[in-house]
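# Summary of structural features
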Amino acid sequence: QTPFSLLGAVAGAARGLGRVAGPPEALALAVDALCGAFAVPAGCVLAADAQAGLLRGLAWEGQARTPFEFPYDEPSGTLDLPPAEALPAALRPLAKVIAAHPERQPDTAGQPFAPSWSRPWRIHPLAPDRTLLGEVILGPQAEGRAPNPAEAQGLEQLCGALAAALERLDSAQRLEARTERLASAMRKMQQLNQKLIQTERLAAVGQLAAGAAHEINNPLAIIYARLQILGLKEPN
């Protein structure tokens, strides 16, 4: 496509990514753009969910789409993949790249993530502020074949829009989780306050009952003593 059509397609995808409600929708929009505007024959798009401990993705080959998710350990970047024969056919060529790609591990030298090759796939990490949120794996392509300037610019903008969408969704998810924890803490505090109020009321009732018993006990003690004296004087 022409540079203008590529940029127009990326702009349309970016507008859609700004309104998505969840990672699956964002991944589907990105795959639509990659298949349509960039005519990538096969690949996958990944999104890491650190809170759930999952790596979710959408693989495609031609018109076929295959969603997937695998247990994911964020600190080490490792995945728990099933045996190759248990994977969907669309994922088998990508399994090694998804499982062992070193760019998923944090860079201790502080260098930003950069596109790389894992024959015959090209990997674009989605890592704003050096925080890996996902990956775009494109292929199959010849190793060393870099996209032309228009494609490179379009891919960079598309990956940036997808990374921004995933970052927004991740922030919203974290905020929702914190809000839920705060609401749960507030509910517990209200329950404790109700128990405290009930305890104070019971204590007040107990003090009132003790005072009433004391006031009744005094005349009863006098009456009881008089009856004992009468009992000593009167044999019947």
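The following refers to the structure shown. (Residues numbered from 1 in each chain as written. Predicted model: local features only at pLDDT ≥ 70, side-chain atom pairs only at ≥ 80, totals over all residues. Heavy atoms only, no water.)

### Concerning the environment of Leu94
Examined against the element boundaries, Leu94 turns out to sit in the loop between β4 (78-79) and α3 (95-100). Between the alpha carbons of Leu94 and Gly139 there is a distance of 9.7 Å; along the sequence they are 45 residues apart. Leu94 has contacts with Gly43, Cys44, Trp121 and Ile137, leaving out every residue within four places of it along the chain. (Helix = DSSP H or I, 4+ residues; strand = E, 2+ residues; numbered from the N terminus. Contact = heavy atoms within 4.5 Å.)

### Quick word on the pairing of strand β6 (residues 121-126)
Along β6, six of the six residues are buried, which leaves the element largely enclosed by surrounding structure. Alternating residues of β6 divide into Trp121, Ile123 and Pro125 and Arg122, His124 and Leu126, and every residue in both groups is buried. In terms of strand pairing, β6 meets strand β7 (residues 134-139) through five bridges, oriented antiparallel. The residue bridging Leu126 from the neighbouring strand is Gly134, located in β7. (Buried < 20%, exposed > 50% of the residue type's maximum accessible area, 1.4 Å probe, protein only. Pairing = 2+ DSSP bridges.)

### A word on the pairing of strand β2 (residues 54-61)
On a regular strand, each side chain points to the face opposite its neighbour's, so the side chains alternate between the two faces of the sheet. Most of β2 sits out of view: six of its eight residues are buried. Inspection of the sheet shows strand β1 (residues 42-49) paired to β2 by eight bridges, in the antiparallel sense. Residue pairing across strands places Gly43 opposite Trp60, the latter belonging to β2. Between β1 and β2, which pair antiparallel and follow one another directly, the connecting turn spans four residues, one of which, Gly53, has a positive phi of 65°. Relative to strand β3 (residues 64-73), β2 runs antiparallel, the two sharing eight bridges. The partner of Leu55 across the bridge, within β3, is Phe70. In sequence, β2 turns back onto β3 through a hairpin of two residues, with Gly62 there showing a positive phi of about 65°.

### A word on the sheet that holds β6
Overall, antiparallel pairing links the seven strands, which are arranged β4-β3-β2-β1-β7-β6-β5 in an open sheet. Looking at which strands have only one partner, the edges of the open sheet turn out to be β4 and β5 (116-118). Packing against the sheet, helix α2 (residues 23-36) makes contact with β1, β2, β3 and β7, and its axis sits at approximately 30° to β2. (Axes fitted to C-alpha atoms, helices over the stretch in contact; angles between N-to-C directions.)

Read these as geometric descriptors, not functional statements.
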